[in-house]
Amino acid sequence: MSYAITIGPRRYQFDDLKTLLARATPLRSGDQLAGIAASSAEERVAAQMCLADVPLTTFLQELLIPYEQDEVSRLIIDSHDAHAFAPIRHLTVGGLRDWLLSDAANSSTLAAVAPGLTPEMVSAVSKLMRNQDLIWVASKCRVITRFRNTQGLPGHMGVRLQPNHPTDDARGIAAAMLDGLLYGAGDAVIGINPASDSPEAIHTMLAMMDEVRQRYAIPTQSCVLTHVTSTLELIQRGAPVDLVFQSIAGTEKANSGFGINLAVLGEAQQAALELRRGTVGDNVMYFETGQGSALSANAHWGVDQQTCEVRAYAVARHFSPLLVNTVVGFIGPEYLYNGKQIIRAGLEDHFCGKLLGLPMGCDICYTNHAEADQDDMDSLLTLLGTAGIHFIIGVPGADDIMLGYQSTSFHDALYLRQLLGLKRAPEFEDWLESMAITRAGKLQAQDRQQALLQLMETFR
Amino acid sequence: MNAPFSPATTGNSAITEDSWQELASHTVARIALGRVGSSLPTRETLRFALAHAQARDAVHTPLELSALSAALQDLQLPSLHVRSAAPSRAAYLQRPDQGRRLHPDSRASLLAAGVEPCDVLFVVGDGLSARAVASHAVPLIAATLPLLQEQGLRVGPVVLATEARVALADEVAECLQAAMVVMLIGERPGLSSPDSLGVYLTSAPRVGCMDSARNCISNVRPQGLPYPLAAYKLAWLIRAGRGSGTGVALKDGSAAEPGWLQLQQQLALAAQQD
């Protein structure tokens, strides 16, 4: 089916729904690279106007990627909850935006309609929303997840402690981990991106983190961010696996580029659940995503990169994750060219994930070949804090020495906490108080007697 | 990296210094930075800004091909030069599709080069850090060659590629009929590692190979994964990948080998003697 609108002397026609969505997307380099972006500013707004009048039911009838050829499409359609959809079934995309911003949409009504929303509906409405709309509606969404602590409570924000080291050196990792804990970070997860993909090396890292956690009775979870098949193998070998990590994308073909499918994710989730390591909940999955991954695997079907991204959230949603992290600026300038595009994408991803009911965090980041800097990250950090971000990343000094990019620092998290009064997961906050790292939530200066510092003796 | 800027901050009572500063000897990560309230002290915010400025500059420095060719000649390795379809650095940064394909002239010259089919082909690509390639590509090849000779493998000429992405090696290898290709490429420069070399191994390379069909060794440089260990790992993966193919199904088991441990011990001993 085609879509058309006349503006002054010009008639704009869009051949199908995916073309309409692509042309309506705020400008970004990835859609230009794919050759699907609007060719003028007016065409973009024309597409947005046209999209505003599309009934939501159209998204259930006109699939962007064929049902028969893509298991993510099948998942989206087969898991759609018609009952949850009923209250908004009569709306258009523009009508959905109006409803989302109205007082009728509150935490409980938003949570109730979430299973009735498909990624394509959510992506579509986000294209009609300004940054303040994305922030306001996301801030009304409430998503709570649990493993060894409780995340996503109102007025709370978590931090993933990311103590990466370029050679996975145990002392180097431990030093960064201590630094983070002493700066009050690590409630979302302590998660290492390994340099090696050897099972032995990963087993060693898992064992080290688990030992530290047990020794100090830290109410948090650990993760080594390796391929899901490696994690499965490690679970079978008896390694202490808390969370199963995997990068995911929004099309079957892109996932196959990652060497995964829904079945293997399900198998890994089941294996982790059977370990019963969570103490207050059983959200055992940790997913990472990012706009551009489907295009970079040449697996986007002509669908714009933001819509592909939101389809990845359908994959995530199926496995009740503890954490979902959009690594927004990591992929590089081919997909998000500059600070403006990165900020917009970060707000979109957070909004879309939250609206679908996901514990959405963001790796607020950039690479050295992108047109972005610390000022842009400060802006996105502050905006996402106001939007109610589930968690952010904490890397020593914002400099990830293993992955070679800039993320947010422990200091950045403290800035946001003091600016907006954001608290840590309550179990973790209690632990920090018990260790005298914080008092009434505020970081305390430490002397050399701090018990955590004895940890390094183990590594001498 | 030591910044020339180090204002006298001792005795600056606004700064809460961290009592775990000696832990910084275990990692180049920016730990124990201290804080002013919750924020970074002035010295740290400027040290970071300098590192970012240097990394930005590294991205835009071009690769010196003649020096690399000469160094390879010393290893008795002939080299060929190719370029990708990306016409400029700016195009390279925004058009990965162009960086993955050969310029038509380069493709034609490879096809006309009359090179014998080989078991392993090295391609050296500038990627995002020419500095990484200039420093580490030749030493890594030199350390790997004897290990490949032990396996009785035929190694082709080294192909030097500019404005190159990882997948460019697939087309190069297809043109030269290589059974496996090793792409040595400059990784994204980090603030603390502007010279990190990435290694991608692909069996049965052809245009359109997916990334899941490769094995990767990252961060090759003396302060990261040193040459002898990287070479050992690469030779291990080549041996294993020749049988079963490369990709996510091939798990790197090199660190479980006795030879790996020996090398590590030798390196540790050498470091002590330094």
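Our structure is the block above this text.
Keep in mind it's a predicted model, so treat the numbers as computed, not measured. (Residues numbered from 1 in each chain as written. Chains lettered and ligands numbered in written order. Predicted model: local features only at pLDDT ≥ 70, side-chain atom pairs only at ≥ 80, totals over all residues. Heavy atoms only, no water.)

**Looking at the overall build of chain A**
Right, on to step 1. Helix and strand counts for chain A come out as 21 helices and 16 strands.
Right, on to step 2. Relative to the compact-globule value of 23 Å for 460 residues, chain A shows a C-alpha radius of gyration of 22 Å, a close match.
Right, on to step 3. Residues counted as buried form 65% of the 460 residues belonging to chain A.
Right, on to step 4. Here the contacts in chain A between residues at least 6 apart in sequence split such that 77% fall between residues at least 24 apart.
Right, on to step 5. With an accessible surface of roughly 15,000 Å², chain A has 50% of that area assigned to carbon and sulfur atoms.
Right, on to step 6. Positive and negative charge centroids in chain A, built from 35 and 51 side chains respectively, lie 4 Å apart. (Helix = DSSP H or I, 4+ residues; strand = E, 2+ residues; numbered from the N terminus. Rg over C-alpha atoms; globule rule 2.2 N^0.38 Å. Buried < 20%, exposed > 50% of the residue type's maximum accessible area, 1.4 Å probe, protein only. Contact = heavy atoms within 4.5 Å. Areas by Shrake-Rupley, 256 points an atom, 1.4 Å probe, with all protein chains shown as cover. Lys, Arg positive; Asp, Glu negative; His and termini not counted. Charge placed at Lys NZ, Arg CZ, Asp CG, Glu CD.)

**Brief notes about the interface of chain A and chain B**
Interface size is often expressed as the accessible area that is lost when the parts come together.
Right, on to step 1. In this complex, chain A contributes 64 residues to the contact, which on the side of chain B involves 50 residues.
Right, on to step 2. When chain A packs against chain B, close to 4,600 Å² is buried across both sides, 55% of that on carbon and sulfur atoms.
Right, on to step 3. The largest contributions to the chain A side of the interface with chain B come from A:Asn368, A:His369 and A:His411, which together make up 14% of the buried area.
Right, on to step 4. At the junction of chain A and chain B, the tally comes to four salt bridges.
Right, on to step 5. Its salt-bridge partner being B:Arg165, residue A:Glu334 comes within 3.0 Å of it at the nearest N-O pair. (Buried area = accessible area lost by both parts, 1.4 Å probe. Salt bridge = Lys/Arg side-chain N within 4 Å of Asp/Glu carboxyl O.)

**Notes on the pattern of salt bridges**
Residue and element names in this part refer to chain B.
Right, on to step 1. All told, the structure shown has 35 salt bridges over all chains when counted by the stated rule.
Right, on to step 2. Arg214 is paired through a salt bridge with Asp170; the nearest N and O atoms lie 2.9 Å apart. Placement of Arg214 in strand β6 (residues 214-220) and of Asp170 in helix α7 (residues 168-176) is noted, with a sequence separation of 44 residues between them. The exposure classification of Arg214 matches that of Asp170, with both residues buried.
Right, on to step 3. Across the salt bridge formed by Asp195 and Arg221, the nearest N and O atoms sit 3.9 Å from each other. Note that Asp195 is positioned in the loop between β4 (178-186) and β5 (197-203) and Arg221 in the loop between β6 and α8 (227-244), a separation of 26 residues in sequence. Like Arg221, Asp195 is buried.

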